[in-house]
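Chains, contacts and geometry: an overview
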Amino acid sequence: MCGGSVQEEIRFSTCPECLVATLICPRMADDEALLLSGVRQYAKYSGYGESFECTGAHPDPSASTASVLAIDATPYMGTDATTKQYEVGEMLR
């Protein structure tokens, strides 16, 4: 993880079911998504980005169930990145 932990990294590191799903599910195509239901948070944390840190075990993992929708994101970098991601072909991939 380069550049700090953000939403995806935080969710996957505090909810181990998400990590297991990445191991047992085949690689997704551009038009596929993965829905993980009943995901439990087993670790507490504080911070975001560079200040993220695990602060211990979650007191009651069963009280923190959630659903996570995972997609294979496309990186948009460079000078035309801001507009390219909104092109019809990119949104309907």
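Read on for a plain summary of the structure. Every value quoted in this text rests on a predicted model; they were computed, and no experiment measured them. (Residues numbered from 1 in each chain as written. Predicted model: local features only at pLDDT ≥ 70, side-chain atom pairs only at ≥ 80, totals over all residues. Heavy atoms only, no water.)

1. A short note on the overall build of the protein chain
When helices and strands are tallied, the protein chain shows four helices and four strands. Across the protein chain, helices and strands are ordered from the amino to the carboxyl terminus as α-α-β-β-β-β-α-α. The globule rule puts the C-alpha radius of gyration for 93 residues at 12 Å, and the 16 Å found for the protein chain is more than 25% above it. Judged by the C-alpha coordinates and their principal axes, the protein chain covers about 45 × 30 × 20 Å. Counting every atom, the protein chain has about 6800 Å² of accessible surface; 56% of that belongs to carbon and sulfur. Seen as two clouds, the 6 positive and the 13 negative side-chain charges of the protein chain have centres 5 Å apart. (Helix = DSSP H or I, 4+ residues; strand = E, 2+ residues; numbered from the N terminus. Rg over C-alpha atoms; globule rule 2.2 N^0.38 Å. Areas by Shrake-Rupley, 256 points an atom, 1.4 Å probe, with all protein chains shown as cover. Lys, Arg positive; Asp, Glu negative; His and termini not counted. Charge placed at Lys NZ, Arg CZ, Asp CG, Glu CD.)

2. With respect to the packing of aromatic side chains
Enumeration according to the criterion identifies one aromatic pair in this entry. Centre to centre, the rings of Tyr-45 and Phe-52 are 5.6 Å apart; their planes meet at 45 degrees, and the pair counts as tilted. Tyr-45 sits in the partly exposed class, given a relative accessible area of 38%. (Phe/Tyr/Trp six-rings, centres within 6.5 Å; stacked < 30°, edge-to-face > 60°. Buried < 20%, exposed > 50% of the residue type's maximum accessible area, 1.4 Å probe, protein only.)

3. Observations regarding the pairing of strand 2 (residues 43-46)
Each regular strand shows side chains that alternate between the opposite faces of the sheet. Here strand 2 pairs with strand 3 (residues 53-57) via four bridges, running antiparallel. What sits directly across from Tyr-45, in strand 3, is Cys-54. Here strand 2 folds back onto strand 3 in antiparallel fashion, the turn holding six residues, of which Gly-47 has a positive phi close to 85 degrees. (Pairing = 2+ DSSP bridges.)

4. Focus on the environment of Pro-75
Note on placement: Pro-75 falls in the loop between strand 4 (66-71) and helix 3 (81-84). Residue classification places Pro-75 among the exposed positions, given a relative accessible area of 60%. Once the C-alpha coordinates of Pro-75 and Leu-35 are considered, the two residues, 40 residues apart in sequence, prove to be 21 Å apart.

5. Looking at the nonpolar core
Counting residues in hydrophobic clusters, the biggest one holds six residues: Cys-15, Cys-18, Ala-21, Leu-36, Val-39 and Val-68. Those elements giving two or more residues to this core turn out to be helix 2 (16-24) and strand 1 (33-39). Those residues in contact with Ala-21 that lie beyond four places of it in its chain are Leu-34 and Leu-36. (Core = buried A, V, L, I, M, F, W, Y, C linked by side-chain atoms within 4.5 Å. Contact = heavy atoms within 4.5 Å.)

6. Here we look at the side chain of His-58
Summarising the element assignment, His-58 is placed in the loop between strand 3 and strand 4. In this structure the side chain of His-58 is engaged in a polar contact, spanning 3.1 Å, whose partner is the backbone nitrogen of Asp-60. Residues contacting His-58, with those up to four places away along its chain left out, are Gln-41, Tyr-42, Ala-43, Lys-44 and Ser-64. (Polar contact = N/O pair within 3.5 Å; in protein donor to acceptor, adjacent residues only side chain to side chain.)

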